[in-house]
Amino acid sequence: MREPARSAYRQIVTVAAAGPPSGPRTHVPVGALDLAEQRLTEAISAIRIPARGVPPAGTDPVRPGSGLTIDRCLELFDAQLASRHLDNAAQWLRARGAGYYTIGSAGHEGNAGVAAALRLTDPALLHYRSGAFYLVRAGQASPPREGVADVLLGLVAAAAEPIAGGRHKVFGHPELNVIPQTSTIASHLPRAVGLAFAVARAAKLGVLTPWPRDCLVVASFGDASVNHSTAAGALNTAAYCAFQSLPLPLVLVCEDNGIGLSVRTPPGWVEAAYSARPGLTYLAADGADLADVYDTAARAVALARDKRVPVFLHVQTVRLGGHAGSDVESAYLSPAQISAAQRRDPLLGTARLLVEAGAMTPAEVLDRYEATGASVLGMAAELAGSARLSTAAEIMAPIAPRRPATVAANVTARSRQAADWARHQALGPQLPEDEGPLTLAQAINAALADEMTGRPGMIVFGEDVGRKGGVYGVTKGLLRSFGSARVFDTLLDEQSILGLALGAALAGLLPVPEIQYLAYLHNAADQIRGEAATLSFFSRAQYRNPVVVRVPGLAYQQGFGGHFHNDNALGALRDIPGLIIACPARGDDAAGLLRTCLAAAEVDGSVSIFLEPIALYHERDLHQAGDGGWLADYEPPARWSLAHAPVGRARQYGDGSDLTIVSFGNGVRMSLRAARMLAADGVRCRVLDLRWLAPLPIEDLLRAATATGNVLVADETRRTGSVSEGIITLLSEAGFSGRVARVASQDSFVPLGGAAAAVLLSEETIEEAARDLLR
């Protein structure tokens, strides 16, 4: 031990570890004081100094044959040292009650070499052990950012933290092109694949992205993550694209420390699983050897950038310490295993490189180590008391910014830009407004074509949407009109479809993916819940997901029954903060709602679910066969602004004063039919079509409820977790004093055939419930 050299560092640790002036001093196992660091310093001190000849130049390679120079290696070493001391600072801050995050990067500091092989303009989606990578990227900025301060502000949940503003500890910054990611295992990989696909596709379409045309995407993850279905799907999609020679400039960095929390990854598993995968180029590097990481990463980057192909970079690392601050690794690792990991410490590896290159002595390495520690811990002490978010309004501000007037203006602008010649080119010789009344499916098809004509970055994709034109014909003709670069079929993986959408949204495109059935959306719900909905929140709206997800769903299909084609559950969507859910019942509403969702995506970065009732797609009649009561005229562009359907505004049918029936989707048609039966007995009804299931149209709801004093909610979703629960709660909270009842579908899956009628909402149950309410 070099006690004189350590004295300054010990002094600042002692000061930092002190409690409040009136409180007791507490021993805190900060890095300089714990056993692992003692072993590191002993190992560094023991490095043999080679016989020196001519002093090396900073431009010399740090090792013969390497592309890493001594000067660059020293810069990367500083990032590695600072990253290690940030882990120490996280432990100290947590013990003092001033920090809230202790998942560290110790053992993974080799990723500094990956960062150094990339350009600042290469978008990066990083996992939570990327401290050294972030610090290197911060140093690449012009002028360089103080990356250490960024990370410390995140650790203390400071409102001034530049990416999440204290909402979560993430690595991210728009100036550094580091896109913040959640801690959900591998959930960012579908987006990363989607982004790599989209930057290439945007270039083909002539759409500008935030990055240069020759950029590549990098995404990092751990060895345990490769076993997650999300990772398996994303990696499969990358290989699937490459197999078809689709451009996909992507470097997938698997930082393999051999353990996921306490579960060991079988040695050799990652290599066995991905070294011979068709479509993926596999490269491996020793994460304890910075020169090897840098050189191998440079090869990976060159391949991905020049050939526009995905590369799997397997970096063998170690994890030093437990998974997080509360995890004691000695509970599941033997002393021999812990010692073996410490011998592969990447800081020791870089120190050895520099000493053997003649660039430093062991004593100089330790001085540099301790000077960095003093600086980091000193800054931690200064920032420990930073102001934090304190109100719900502050916290929620970036979730879903809403600018309804600007959205309406966007719709108006689109109507003025809609030239007849361009519309004829896309829609054919007869425009939809001249065809006569349309079905729901026809109106959605026409609106998609109209919007694609005026929004050149809009792309439509999903299972069977291209050549087939959708299972129900809703996307028919779009491929012919707009080409395979903008309308295309995907592989059958909902996670990858949504990941493609999220990546495309980041790249400046306007994605409209289709999830073929509502039941299939649940296969990939985390891409909406954990990724799409959180990005604005965790980036203070500096990154957004402008996307409209089309989802055919709900029940009552004839001849195509069973639960998986008739799912009627929306509870898993309605509780997602900021998510817009539109549900049109008629063709004229469908076109208006779709335009609003697209405008909200473009203007506010909104994430919308556009829920299409399959059973109403081709419905023509309302009360009796041949009446054409469910058809609707398609509005020409001159009337789009007049027909604008703002988010959170309902539509009312009739003005009866006895009863308000509130419904949506299939329930609207059933409610109108029930209202006609009630009218025969003198009961005057008005039917309120919610149209928006999130946010609910509370003002219109209260107005319609107050007009009659009696409200019946006709809800086709299951009773538990239903839309009607939210409606009745809103009425109660608003002080509505009239009578309220609801009728909903049963808490059941939808069975096959006629048995479905026993568990679903029906006209008869609506009429009966109305009579009971008024009796």
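Refer to the structure printed above.
Attention here is on the structure that accompanies the text.

Definitions and cut-offs
- Residues numbered from 1 in each chain as written.
- Predicted model: local features only at pLDDT ≥ 70, side-chain atom pairs only at ≥ 80, totals over all residues.
- Heavy atoms only, no water.
- Pairing = 2+ DSSP bridges.
- Helix = DSSP H or I, 4+ residues; strand = E, 2+ residues; numbered from the N terminus.
- Axes fitted to C-alpha atoms, helices over the stretch in contact; angles between N-to-C directions.
- Contact = heavy atoms within 4.5 Å.
- Core = buried A, V, L, I, M, F, W, Y, C linked by side-chain atoms within 4.5 Å.
- Buried < 20%, exposed > 50% of the residue type's maximum accessible area, 1.4 Å probe, protein only.
- Expected span 1.5 Å × (residues − 1).
- Right-handed = clockwise from strand over helix to strand, strands pointing away.
- Parallel < 35°, antiparallel > 145°, perpendicular 65-115°, else oblique.
- Left-handed = near helix turned anticlockwise from the far one by under 90°.
- Nonpolar A, V, L, I, M, F, W, Y, C, P; charged D, E, K, R; others polar.
- Phe/Tyr/Trp six-rings, centres within 6.5 Å; stacked < 30°, edge-to-face > 60°.
- Lys NZ or Arg CZ within 6 Å of the ring centre and 35° of its normal.

The 5 strands lie next to each other as β15-β17-β16-β19-β20, forming an open sheet whose pairing is mixed. Looking at the sheet topology across the chains shown, the edges are occupied by β15 (651-653) and β20 (739-745). Strand-to-strand, the axes of this sheet are offset by a mean angle of 20°, without reference to chain direction. As paired elements, strand β19 (residues 710-718) and β20 share 7 bridges and run parallel to each other. Within the sheet, the bridge partner assigned to Val711 lies in β20 and is Val740. The sheet contacts of helix α27 (residues 763-774) involve β16 (659-663), β19 and β20, and relative to β19 the element is tilted by about 150°.

Our next topic: the nonpolar core. Formed by 163 residues in total, the largest nonpolar core has its most connected members in Leu195, Leu250, Phe312, Leu573, Leu693, Ile727 and Ile766. Element by element, the count of residues in this core is highest for helix α23 (residues 587-604), at 10 residues. Each residue touching Ile766, except ones within four places of it in the same chain, is listed here: Ile661, Met670, Ser671, Ala674, Leu712, Ala714, Val743 and Leu761. Membership of the second largest hydrophobic core comes to 82 residues, among which are Ile47, Val151, Phe171 and Leu283.

The next thing to look at is the pairing of strand β17 (residues 685-689). Within a regular beta strand, the side chains point alternately toward one face of the sheet and then the other, so they alternate between its two faces. Counting buried positions along β17 yields 5 of 5 residues, so the element is predominantly enclosed. Of the two faces of β17, both are covered, the one formed by Cys685, Val687 and Asp689 as well as the one formed by Arg686 and Leu688. Two strands pair when backbone bridges link them, and β15 and β17 are joined in this way by 3 bridges, in the antiparallel orientation. Within β17, the residue paired with Gln652 across the bridge is Leu688.

Here the focus is helix α21 (residues 525-538). The first and last C-alpha atoms of α21 sit 18 Å apart over 14 residues, in line with the 20 Å expected at 1.5 Å per residue. Two residues or fewer after α21 comes Arg540, characterised by a positive phi angle close to 50°.

The next point concerns the sheet that holds strand β4 (residues 250-256). On the basis of which strands lie adjacent, the open sheet formed by 6 strands has the order β2-β1-β3-β4-β8-β7 and parallel pairing. Each edge of the sheet is formed by a strand with only one pairing partner; in this case those strands are β2 (178-179) and β7 (281-286). Of the pairings in the sheet, the one linking strand β1 (residues 124-125) to strand β3 (residues 217-222) comprises 2 bridges and is parallel in character. In the strand pairing of β3, Ala124 is matched with Val218.

So, on to the pairing of β4. By the criterion of burial, β4 is predominantly enclosed, with 7 of the 7 residues buried. Residue alternation in β4 divides its side chains into two sets, Leu250, Leu252, Cys254 and Asp256 and Val251, Val253 and Glu255, and both sets are buried. Pairing analysis gives 6 bridges linking β3 to β4, with the strands arranged parallel. When the sheet's bridge partners are listed, Ser220 is paired in β4 with Val253. As for the winding sense of the linkage, the β-α-β connection from β3 through helix α8 (residues 229-243) to β4 is right-handed. Across 7 bridges, β4 lies against strand β8 (residues 310-316) in parallel orientation. From the neighbouring strand, Leu250 faces β8, where its bridge partner is Pro310.

The next point concerns the side chain of Asn410. One can find Asn410 in helix α15 (residues 404-417). Look past the residues within four positions of Asn410 in its chain and what remains in contact with it is Arg455, Ala599, Glu602 and Val603.

With that settled, the discussion passes to unusual backbone geometry. Cis geometry marks the peptide bond from Ser142 to Pro143, where omega comes out at -5°. Summarising the element assignment, Pro143 is placed in the loop between α5 (131-140) and α6 (147-155). Each neighbour pair has its own omega, and for Ala694 with Pro695 the value is -10°, a cis peptide bond. In this structure, Pro695 sits in the loop between β18 (692-694) and α25 (698-708). With a phi angle near 50°, Arg540 is a residue other than glycine that sits in the positive phi range. Note that Arg540 resides in the loop between α21 and β12 (547-553). Residue Arg540 is classed as partly exposed on the basis of its relative accessible area of 38%. Located in the positive-phi region is Leu554, a residue other than glycine, with phi close to 65°. As for its placement among the helices and strands, Leu554 is situated in the loop between β12 and α22 (571-574).

Interaxial distance between helix α7 (residues 189-205) and α8 falls to 8 Å at its minimum, and their mutual angle equals 20°. In terms of orientation, α7 and α8 fall into the roughly parallel class. Crossing angle aside, the handedness with which α7 passes α8 is left-handed. Between α7 and α8, the contacting residues are Leu189, Pro190, Val193 and Phe197 on the first element and Thr230, Ala231, Ala234, Thr237, Ala238 and Cys241 on the second. Among the residues making up the contact of α7 with α8, the classes are represented as 8 nonpolar, 2 polar and no charged.

What follows is about the packing of aromatic side chains. The relation between two aromatic rings is expressed through the spacing of the ring centres and the mutual angle of the planes. One pass over the structure, following the stated rule, counts 10 aromatic pairs. Pairing Tyr472 with Tyr617 gives two aromatic rings, centres 5.4 Å apart and planes at 45°, and the pair type is tilted. Here the residue Tyr472 occupies a position in the loop between β9 (458-462) and α18 (478-482), and Tyr617 occupies one in the loop between β14 (607-613) and β15, the gap between them amounting to 145 residues. Taken as a pair, Tyr472 and Tyr617 share a single burial class, namely buried. Pairing Tyr517 with Tyr520 gives two aromatic rings, centres 5.3 Å apart and planes at 75°, and the pair type is edge-to-face. Each member of the pair, Tyr517 as well as Tyr520, is classed as buried. The rings of Phe221, Tyr274, Tyr282 and Phe312 are connected pair by pair, giving a single aromatic cluster. The positively charged end of Arg586 is found above the aromatic ring belonging to Trp630, 5.1 Å away from the centroid.

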